[in-house]
Structure formats: C-alpha cells, structure tokens
Amino acid sequence: MVSGKSGGGASSDSPCYNDIGPKAKKSARKKKITKAERLKQLQEEEERRQKEEEDARVKHEKEEMERLERQRIEREKWHQLEAKDLERRNEELEELYLLEECFPEAEKLKRDTRLLSQWNHYIQCDGSPDPSVSPEINTFISLWKEETNETLEEVIAKSKLVLNLIEKLRLLLLQTPSYDLEDKTIIQYRGSILELQELLHLKFNVATERLLRQASTLADLDSGNMEKVIQDENVALYVWANLKKNPRYRSVRFSETQIRFEIPRILATSGIAIRLLHTHYDHTTPLRPVSASLQGHTATATHFVKDEVQKGEAEISKELQEEYKQQECESVSVCEEETKVEEQGDIEVQMILKEGLQKYVYPPESTEDFETENAFPPIEVTLEVQESVIFFEDPMVARWDAEGKHWQTDGISNVLYQSEERLITFSLETFGPVTLIQDTHINMPFQSWELRPLDVNKVLLTVTTVFTEIQIQIKENLCMLASVKVDNKKHSSTLEGRWMTPISFILALKETGLNIFPTGHSHFYVVINHKEPLVEIKAYRQLALLSSAFAFGWSKWNVECSSKKVIVKLREHLTEEEPVQDPNWTLLMFSGDRAQRLKINENSETFSEALKEETEFHSTLYHLVKDFASKEAMEKIRSSKCQFIDSVCYMLLSTRLLSYS
C-alpha cells in the first residue's frame, strides 16, 4: 500500500512538472522591465557617463596643465637661451669681426698682386704695352695703324697679343674695386678696348683685300677659283674667291672641313669673294657698363663690433638694394640677358672690281633690274660648332642688327643642328655677323649643391642642375673646373685642370656654355627661392670661414623657411674621403644675427623651427659649430688662409646657391 502510493504519487507528479516548465520559461522571456528598473538603469548609465566625463575632464585638465607647464618651461628655457645669446652677442660678434679681417686682408693682397703685375711687366721689357698705361697703349695702336702691308697670317699672329691686351683691360675693369677705379680710368679702359676691337677687325679687312688682289695667282688648278683657310686657337678664317664665274659651280665647300655654302645663280656668275671669320670671342655685342653686382661685394668691409654693427649692415644692404633697382633703367640689358652668345662668325661677300673691293649687299636695296622675283633666295650655310662649347638644347642662330645694336633671329630659317657631328645648317637671307645662342638661365634654378673640404685650404664645390653636374675646385686665390657631367655622362672640357683667378674662371665657364652665375636681373627669368640679400651675404661669408673643416649642402627645408632665414645641412669633414652615401647631416638655420641647430632632419615629414635638444642659440654660425666641433676642426678653421676664404666666398656669392637652388 505504501509503496503503491509512493509509486502512484511519483507517477502523477511527473507530467505535472513537464507541463509547467515551458510555460515558466516563456513567461520569464516575456517579463517586462518595470519603470523603476528602467529609471535605475538610466540613473546608472548617467552616473557612468558623468564619471567618464569627469575622468576625461580631469585627464584633459591634467594634460593641459602639463602642456602649459611644458610650454612655460620651454618659454622660460627659450628666454634663458635668448638672454644668454644676447649676453654674449657682442663678444661673439667681436670674435667674428677678427675672423672676417681675412676679407680686407685678401683685398689688400689682390691690390699688391695688381701692382706687382705692373712692375713685372715693366721690368720684362718684352716690347708689349701695358694696357693700363694710356701712353703705352695709344702708341701701340698708332704704330699698328701705320702698318699697312700685313698678310692674314701676320694679322692672326698679332691678334693673340691684341686679344690678350683686351682681356687684361676687361679683367682690370672687373677685378679692381670701385673705390680704386676713377671714372676717367673706366672711360680710358673701355675706350682702349673698343679701339683695339675695331682696329683688329679693320686689319682683317685690309689683309683680306690684300689676299684677294693676288687671288688669280693662288687659284686652284681644278676649279679655277681661289680658296684660303687659316686657323689658330682664337680665329678661323675662310676665304673663297669666284674667279671662273661658272653658273654650275654653286656649292662652295672648304677643303678638309665641313663648312660649306650653297650660293644662288646670281652670285655664282658674279665676281665675288666670300669670307667667313669664325671667332672664339665676341667683339660685336656692345660693352656692358661697369656696375656693382652681388659678386663684387666680397670685399665690402664689415664692421661687426658694438655700435658699428648696424651701420655696417645698413651699408651692405643699401648697396645690394641699389643693384635690384637698376632694372628700372636697364631694360635693354634685361632683354639681352635671356640669351647667351656662345660663338660667332662674320660672313661677308665682297665684289672684286677694277677699282678695288666693295662690300656686296645681299640682297641689293633695289631688285627692279633683275628678271625673276626669286633672284636672291636665302643662302644655305653649314658651320662647324666648336668642341669647347656645350649646348644643352639645340642652339638658336641669330644675326646682328647693326641699326638696333642687338641680336635677332628673323631672316634665318631651316635650322638643323646635328649634335653628334657638331654641325649646324641654316638659311640666311642676308650676310653679316651670325652667332649661336642658348638660354642664359638654362641651368637655373639648381637642383642641389654641396661644398666639401678636400685638403688644407682646398674645397670642392658641386652644383647639380637639370642638365649637368659641375664640380669646381677652389684653393687659395684660384679656381679650376674639376669635372663636368652631361646627362650623367662625363664630358671632357678644355677648362679642366686649368687654375684661374675666380673672375677669369667665371668668364671662361660662361664662354663655354656652363653658366651657373645669376646676375642682378636673373630673378626676372628664373623662379627662385628669394632670400634677403643681407642674410644671404652674411651666410656666404660665414660658410666660407668654416669651409676648410665642414661640408655644407642643400636642404629641402630651405624653401620652407621665410626669406629672412636660410637653412643648410652641415657635417664635420676633415679627410679627403669619398662622399658618404648617407652621411649624418646636421641642419642649421641662420637669420643673419642668430644661428641654431634644428630638431628636424632632412627626412622629417613636416617642417619645424624647433631647437634641437640640449643646444643653444648663437649670434654666428662659427660659434654655433664650436659647441660640437672637434679641436682639429677648429684649428683648421683658424689656420685657413685669407685668400682661400675670400675665393670660396666669391664663388658662393657668384652662384647664389641659397636663392637659386
């Protein structure tokens, strides 16, 4: 009975549990949150949000307080550094002044050299005149005018002396400081140059006429016409006389050369002579007036001592600003500056008449007497281009406009330049001086630059442009072209290995087409990174002072800073090792009166003028590098020769790397 009840009870309870279980779960899922619970949840969320906001506020306040504290500390440190810089400013400027005594000392040595050169010329007694002495050069010119029976060979031989005298006068005008050049002396030198140029050209004309009077005795047996070719390092003279007047002989080619003319029938049947005077100098373009330029300010005396500081800076600034104002009254020069005369030839046709030679005007002023309209077509000319001249693009051909006194490109057509053969062919409507030109500023702005020590008082300046890489060695008072690369290939130049004074070197480099020297007007034609002239000139002078022990280079951040500041990269360089692929450069910023090391490096993503940690401000670049330079480096700097420093500064000023890179 008991067990039956027990079993029955168990049996009856079990289905009851199974029926209620699912309903209970369903009921639990459907259970609604009460209003009180909802309010409690919202309250908890609000408290949590408020706590998070409070934590964020406290954190922000803490961070802001820390930031403000850091700024306060930085400002305090900045003010301390400024105060320290100001406190030692006069002392540093006085020391810089003593170092920069090398510039007036170098100028004194230049003057002594000029005087010594005059004395050496006097004691040589070689019969050549001193072009700076008016009676001597006037006597030379008068005596040469009296010589009327010279041959072309004799004139060309004499031209070496004449060109040397002209070059000496040019260098005297360029190298002598303005305070040593009186106006009457400038007029005298310029007058002598013009007289020598005109007399040299006259001598070529007279000797050519003398040759043509003997043309029949010098006639070629095959053609019956006369041909004469005379060449030296400065001049190549080609003369052809049409003695047979054969209408079928219309192609004139000088033997053993590529130079030729295609002449029209009217010239082929006329008694004419063609002369091509191919010169390696330009005596056609008028002389430019002698004016102060940025390149001439290396000798400017500086007075960086106490009360004289501002006065000295004002004097330099005024001189530099005057240069830029010249563009208002020199518009003609600005136009001429777009192109550079690279080489020149004077093509003349002369009529052989009984009464003598007459210049033949082609085409004549009146063509009414001639039957056909096209009786005077353009003359096709092929000329050889000098090996010494580099053209980075196909050269333009220009002719001299005698009335307007300038070069122009009209009247010239069908120009074809064969760069491999170095031949240029063109059609010329009229005879006269022609020249090959290219853009003066084709290598500006520069892509980069580097100044690296090689030895004691010797550095290597590398300038990289779109077309070329030029390396220049500088030692004492001399410069030399070390190498030239065109399209990443080494290009041989006649200037390589030849040491010259800076001005002579710059002139020679320009004449070969390697122009990396801006003028006062170049900013009209080139997009530049303008820097204040006073800041620029101070930077160049101080870079030159340090150049015997430190390498300097272009920095991309120089474009980012203002025009009142310059940025360069620097590293100590004491041995003549090959340049390191990835050297550890330091960035310096200089404003003319404050120098500092920058926290950023060349690979940083953004620009910042923040001061490098654990460094200080200084009034000069010299005192800035003293903080981290080795003793050996500082000894090298202090033992550098004044002429070397002056030459480095001159080249930096002449290239204006900080504005034109």
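Since we're looking at a predicted model, the values are computed, not measured.

Caption draft 1: Up close: the side chain of Thr620. Take Thr620: it is sitting in the loop between strand S22 (595-597) and helix H12 (621-626). At 2.6 Å, the side chain of Thr620 forms a polar contact with the side chain of His623. Once residues within four sequence positions are removed from consideration, Thr620 is found in contact with Glu92, Leu93, Leu96, Gln542, Phe590 and Ala595.

Caption draft 2: Spotlight on the packing of aromatic side chains. Summed over all chains, the structure comprises 10 aromatic pairs. With centroids separated by 5.4 Å and ring planes inclined at 55°, the aromatic side chains of Tyr238 and Phe254 adopt a geometry described as tilted. Linking Tyr238 in strand S2 (residues 235-241) with Phe254 in the loop between strand S3 (251-253) and strand S4 (260-262), this pair joins segments that are 16 residues apart in sequence. Overall, the relative accessible area of 1% leaves Phe254 in the buried class. Joined through ring pairs, the aromatic side chains of Tyr238, Phe254 and Phe261 make up one cluster. The ring of Trp585 carries the charged tip of Arg571 above its face, separated from the ring centre by 5.1 Å.

Caption draft 3: Structural detail: the pattern of salt bridges. Across all of its chains, the model carries 33 salt bridges by this definition. Between Arg88 and Glu616 there is a salt bridge, with its nearest N and O atoms 3.0 Å apart. Here Arg88 is found in helix H2 (residues 35-99), whereas its partner Glu616 is found in the loop between S22 and H12, with 528 residues between them in sequence. Measuring nitrogen to oxygen at the nearest pair gives 3.5 Å for the salt bridge that ties Asp112 to Lys108.

Caption draft 4: Expanded view of helix H3 (residues 102-124). Look at H3: 32 Å from first C-alpha to last across 23 residues, which is about the 33 Å you get at 1.5 Å a residue. Along H3, the positions that sit buried rather than exposed are Cys102, Phe103, Ala106, Glu107, Arg114 and His121. Where H3 is buried, its residues meet H2, helix H4 (134-146), helix H5 (152-175), helix H11 (533-546) and helix H14 (642-655). Cys125 lies just past H3 and shows a positive phi near 50°.

Parameters at a glance
- Residues numbered from 1 in each chain as written.
- Predicted model: local features only at pLDDT ≥ 70, side-chain atom pairs only at ≥ 80, totals over all residues.
- Heavy atoms only, no water.
- Helix = DSSP H or I, 4+ residues; strand = E, 2+ residues; numbered from the N terminus.
- Polar contact = N/O pair within 3.5 Å; in protein donor to acceptor, adjacent residues only side chain to side chain.
- Contact = heavy atoms within 4.5 Å.
- Phe/Tyr/Trp six-rings, centres within 6.5 Å; stacked < 30°, edge-to-face > 60°.
- Buried < 20%, exposed > 50% of the residue type's maximum accessible area, 1.4 Å probe, protein only.
- Lys NZ or Arg CZ within 6 Å of the ring centre and 35° of its normal.
- Salt bridge = Lys/Arg side-chain N within 4 Å of Asp/Glu carboxyl O.
- Expected span 1.5 Å × (residues − 1).

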